[in-house]
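Chain by chain, the residues run as shown.
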Amino acid sequence: MPPQARARSTSYYYRLRYPYDVSEAGRPKRLSPLHERLQQLGAVFGTKNGWERADYFRPGESWRRAGEEQRAFGWSRPPFHDRVAVEHAAIRERMGIIDLTSFGKLEVSGPGALALLERACGNRIDRPLGSVVYTQLLDHRGRIVGDVTVTRLAVDRFRVITGAGAVDSDRGFLASQPGDAVAITDVTDDLAVIGVWGPSVRELLGETIAYRTAGTLSIGGIDVLAQRITYVGEFGYELYVGRDLAGRVWDALVASGRPEPVGYHALDSLRIEKGYRYFGTDLTGSDTPFDSGLGFAVARGKHPELEREPASRLRTLLVGGEEYLTVYGGEAIHAGDAVIGRVRSAAYGFTVRRNVALAKLPAELAPGAEVHVDVLGNLVPAVVAPDVLYDAANERTCD
């Protein structure tokens, strides 16, 4: 690292950081094969585990890397708020496309692969070929150490998909499990991932793969592995393709369907309306699937010691009214004179038109309960809401 980059990096240590601050030193380090296409679309890049990722887009303007610009707008509504609303609506109402190449990707293979994954995962992994299983990696106490999907590619070959920042810890956890005749290989850099979601995707791709399964689709004459899974709550796919072919697949999708580019800020807004959890904030090593509202992702009998009513529960909160509030995570939650929890993650839900937060609260505070959230020193009324605020019946994802 050049001396000036080292100086910038160490200068952050005692510096007040804003929630939207992005470190500028040592960049770029890891680039998606689609990076230049995102540049041409006016991407503003953030970074995660070294990857340059589009936070949002400024069509018609030059691309740039995000930095410490929150120092300019402080704790007010961010200047990109309206743009994120457009990207959010693209997926809810039309079709959005997002580069997800930074996903961590682990191949677990060999005669002992299934047995190892059955020990490590809360859900049942022994399912038909092509199954995509949402599950948590659980330690011996049933606490969450990872949040992943597992795709069965062959009898003894599986692909574990995880977050960009969790791939190393997940690989280490799997490698620490007892078992023989298993190979665990990090193939993150070998594959690009393109997400396409929205009501127009069905018309674009024609064929339909069953929900939570994987199959082959031909896009622009190129076969890709399509996983019908979603982190946004709309019909669509994660498309896995070799790095050298990723640009051709992206171009074919753009040429045939005109999907709109979407960044990670919109992804956060979309997922929180669906009650989808984020590992590292909503899900931590002190939590279990049952107190996180994820008991459905644990196969019955795998952790019977946890199958009881938890004392606390991860809940969805609607904070304030429709006006945007600067809720970022960490805010104290008050009931009467007591602080009963803190916000874990938050985003503005553009479809439900509310400030949405997730927080661990006493289990007796069921939907309908009223609390207050300390937003920059002001106690703002909030109500405990159902886990899923948008399409609770999953009609848009499972049909």
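Sequence order as written defines residue numbering, which begins from 1 separately in each chain. Residue-level local features of this predicted model are given only where pLDDT is at least 70; pairs of side-chain atoms are given and counted only at 80 or more, and the full residue set underlies all totals for whole chains, interfaces and linings. Heavy atoms throughout the structure, all of them, feed into the side-chain values; hydrogens and water do not.

Peer 1: Kindly report on the pairing of strand β10 (residues 191–197), identifying the contributing residues and their values.
Peer 2: To sort residues, take the accessible area from a 1.4 Å probe on protein chains only and compare it with the maximum for the residue type: under 20% means buried, over 50% means exposed, and anything in between is partly exposed. Put simply, DSSP H or I for four residues or longer makes a helix, DSSP E for two residues or longer makes a strand, and each gets a number counted from the N terminus. With seven of its seven residues buried, β10 lies for the most part within the structure. Burial along β10 is two-sided: the residues Leu191, Val193, Gly195 and Trp197 and Ala192, Ile194 and Val196 are all buried. Strands were regarded as paired on the criterion that DSSP finds at least two bridges between them. Two elements, strand β4 (residues 96–99) and β10, share four bridges in a ladder whose sense is antiparallel. Bridge assignment links isoleucine 98 to a residue of β10, and that residue is glycine 195.

Peer 1: Tell me about the packing of aromatic side chains, and please be specific about residues and values.
Peer 2: Under the pairing criterion, centres of Phe, Tyr and Trp rings, with the six-membered ring standing for Trp, must be within 6.5 Å; the plane angle then separates stacked pairs below 30 degrees from edge-to-face pairs above 60, leaving the rest tilted. Tallied over the entire structure, the rule returns twelve aromatic pairs. Measuring from centroid to centroid gives 5.9 Å for phenylalanine 45 and tryptophan 63, while their planes differ by 75°, and the two rings are edge-to-face. Here phenylalanine 45, found in strand β1 (residues 43–48), pairs with tryptophan 63, found in the loop between β2 (51–57) and β3 (64–65); they are 18 residues apart in sequence, far enough to count as distant. Residue phenylalanine 45 is classed as buried on the basis of its relative accessible area of 0%. Given the relative accessible area of 32%, tryptophan 63 is considered partly exposed. Taken together, a centroid distance of 5.6 Å and an interplanar angle of 80° make the contact between phenylalanine 235 and tyrosine 237 edge-to-face.

Peer 1: Lay out unusual backbone geometry in plain terms, naming residues and giving numbers.
Peer 2: Omega for the bond connecting arginine 27 with proline 28 falls within 30 degrees of zero, at -5°, which places this linkage in the cis form. Tracing the chain through its elements places proline 28 in the loop between α1 (3–11) and α2 (35–40). Phi at alanine 181 takes a positive value of approximately 55°, unusual for a residue other than glycine. For alanine 181, the location among the structural elements is in the loop between α6 (167–176) and β9 (183–186). Positive phi is not limited to glycine here, since arginine 353 has a value of about 55°.

Peer 1: With reference to specific residues and values, describe the environment of glutamate 52.
Peer 2: Mapped onto the elements, glutamate 52 comes out in strand β2. Residue classification places glutamate 52 among the buried residues on the basis of a relative accessible area of 3%. The sequence separation of glutamate 52 and serine 102 amounts to 50 residues, and the corresponding C-alpha distance is 8.4 Å. Contacts are residue-level and defined by heavy atoms, with any inter-residue pair within 4.5 Å sufficient. Those residues in contact with glutamate 52 that lie beyond four places of it in its chain are Arg27, Pro28, Arg30, Leu31, His35, Phe45, Gly46, Thr47 and Arg65.

Peer 1: Describe helix α4 (residues 81–93), and please don't skip the residues or the numbers.
Peer 2: Three or four residues apart is the spacing at which side chains of an α-helix point the same way, because the helix has 3.6 residues per turn. Between the first and last C-alpha of α4 there are 18 Å, a value that for 13 residues agrees with the 18 Å anticipated at 1.5 Å per step. When α4 is considered as a whole, its buried residues turn out to be His81, Val84, Glu87, His88, Ala89, Ala90, Ile91 and Arg92. The length a helix should cover is 1.5 Å for every residue beyond the first.

Peer 1: Could you give an account of the pairing of strand β6 (residues 132–138), naming the residues involved and the relevant values?
Peer 2: Of all the seven residues making up β6, seven are buried; the element is thus mostly covered by neighbouring parts of the structure. The alternating pattern of β6 places Val132, Tyr134, Gln136 and Leu138 on one face and Val133, Thr135 and Leu137 on the opposite face, and all of these are buried. Relative to strand β7 (residues 144–154), β6 runs antiparallel, the two being bridged by seven bridges. What sits directly across from leucine 137, in β7, is glycine 146. Taking the residues between adjacent antiparallel strands as the criterion, β6 and β7 are bridged by five residues, where glycine 142 takes a positive phi near 85°.

Peer 1: Kindly report on the pattern of salt bridges, identifying the contributing residues and their values.
Peer 2: Salt bridges are defined as contacts in which a side-chain nitrogen from Lys or Arg sits within 4 Å of a carboxyl oxygen from Asp or Glu. According to the stated counting rule, one finds 31 salt bridges in the structure shown. The closest approach of N and O atoms between aspartate 82 and arginine 77, which form a salt bridge, is 3.2 Å. Salt-bridge contacts for arginine 159 lead to glutamate 107; the nearest nitrogen and oxygen are separated by 2.9 Å. Residue arginine 159 is located in strand β8 (residues 157–162), and its partner glutamate 107 is located in strand β5 (residues 104–109); the two are separated by 52 residues in the primary sequence. Note on accessibility: arginine 159 and glutamate 107 belong to one class, buried. The structure contains a network of salt bridges with shared partners spanning Arg17, Asp21, Glu68 and Arg71.

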